[in-house]
Amino acid sequence: MKSAWATSDAEAAVARYAVPRDLALRVYTTRLLGADPKLVLHGGGNTSVKTRLADLNGDETDVLCVKGSGWDMATIAPAGLPAVRLDALKKLRARDALADQDMVRVLRANLIDPAAPNPSVETLLHAFLPHKFVDHTHSTAVLSLTDQPDGEALCTEVYGKRMGYLPYIMPGFALAKAAAEAFEREHECRRADPAPARHLHLRGGCAAGL
């Protein structure tokens, strides 16, 4: 599909929002994705950016700004991407399990702004992947391949090594950890192959563009 990116519009977003440049661009690109219903089936999906922001004490800290619950990607503003302390999220990777209610408590306890909306239930999925920007969409084009009895074979035929593939797992800690492990396995397999993977598909409706 044709890219909707326009440099002039991106720079206008940077000038309009009183936030760091990478966060302003995250807002702009999230709106681009949300504006196309073929990319966000039933309004689903979320985005994130890893950056640095000042906490309430004025101390700069590494954070993950991820789409908050209740926000629409097509109309999102900086407030719709609550910032969570990134180091605290990464530490959770070492756990074997984490109940949903405990995950929500950890996320809220590590918000830079305690008045911010709840971060996405898939916050850890974004945190455990190494990329600065992560786009998570429900693209109809991808789903038309994956949601078939032979979906994995079809994806391999079309995407080859550019896609990692996981069976369905409920959103939350288990999915985040499995996705990170799948990404790392693919990374090891590609050490001798210069072509990087660009997508991680989580069967059941998610594709993360990396």
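Our subject is the structure listed above.
Keep in mind that what you see is a predicted model, and the values were worked out from it rather than measured.

Student: An account of the packing of aromatic side chains is requested, with residue identities and associated values reported.
Tutor: Throughout the structure, instances matching the rule amount to two aromatic pairs. In this structure, Arg 93 packs its charged tip against the face of Phe 128, placed 5.9 Å from the ring centre. It is Lys 132 that lies over the ring of Phe 133; its NZ or CZ is 5.8 Å from the centre.

Student: Describe the pairing of strand β1 (residues 46-54), listing the residues and the values that go with them.
Tutor: Within β1, seven of the nine residues are buried, leaving the element largely enclosed by the surrounding structure. With four bridges connecting them, β1 and strand β4 (residues 133-137) associate as antiparallel partners. When the sheet's bridge partners are listed, Asn 46 is paired in β4 with His 136. Taken together, the seven bridges between β1 and strand β2 (residues 60-66) define a ladder with antiparallel strand orientation. Bridging from a neighbouring strand, Val 49 pairs with Cys 65 of β2. Hairpin remark: β1 followed by β2, antiparallel, with five residues in the connecting loop; positive phi at Gly 58, about 85°.

Student: Got a sec to walk through the environment of Leu 129? Specific residues and values, please.
Tutor: Tracing the chain through its elements places Leu 129 in the loop between α5 (123-128) and β4. When its relative accessible area of 2% is taken as the criterion, Leu 129 is described as buried. Each C-alpha atom, one on Leu 129 and one on Glu 184, is 9.0 Å from the other, the two residues being 55 residues apart in sequence.

Student: Summarise the pattern of salt bridges; cite the residues concerned and give the values.
Tutor: Scanning the entire structure with this criterion turns up seven salt bridges. Put simply, Lys 132 and Asp 22 hold a salt bridge, and the shortest N to O gap is 2.8 Å. Residue Lys 132 is located in the loop between α5 and β4, and its partner Asp 22 is located in helix α2 (residues 21-34); the two are separated by 110 residues in the primary sequence. The exposure class assigned to Asp 22 is buried, which follows from its relative accessible area of 16%. Put simply, Asp 55 and Arg 85 hold a salt bridge, and the shortest N to O gap is 3.4 Å. Taken as a pair, Asp 55 in the loop between β1 and β2 and Arg 85 in strand β3 (residues 83-85) lie far apart in primary sequence, 30 residues in all. We classify Asp 55 as buried; its relative accessible area is 12%.

Student: Could you give an account of the pairing of β2, with specific residues and numbers?
Tutor: Judged by how many residues are buried, β2 sits mostly within the fold: five of seven residues are covered. Pairing of β2 with β3, which is carried by three bridges, proceeds in the antiparallel orientation. Directly across from Val 63, in β3, lies its bridge partner Arg 85.

Cut-offs and rules
- Residues numbered from 1 in each chain as written.
- Predicted model: local features only at pLDDT ≥ 70, side-chain atom pairs only at ≥ 80, totals over all residues.
- Heavy atoms only, no water.
- Phe/Tyr/Trp six-rings, centres within 6.5 Å; stacked < 30°, edge-to-face > 60°.
- Lys NZ or Arg CZ within 6 Å of the ring centre and 35° of its normal.
- Buried < 20%, exposed > 50% of the residue type's maximum accessible area, 1.4 Å probe, protein only.
- Helix = DSSP H or I, 4+ residues; strand = E, 2+ residues; numbered from the N terminus.
- Pairing = 2+ DSSP bridges.
- Salt bridge = Lys/Arg side-chain N within 4 Å of Asp/Glu carboxyl O.

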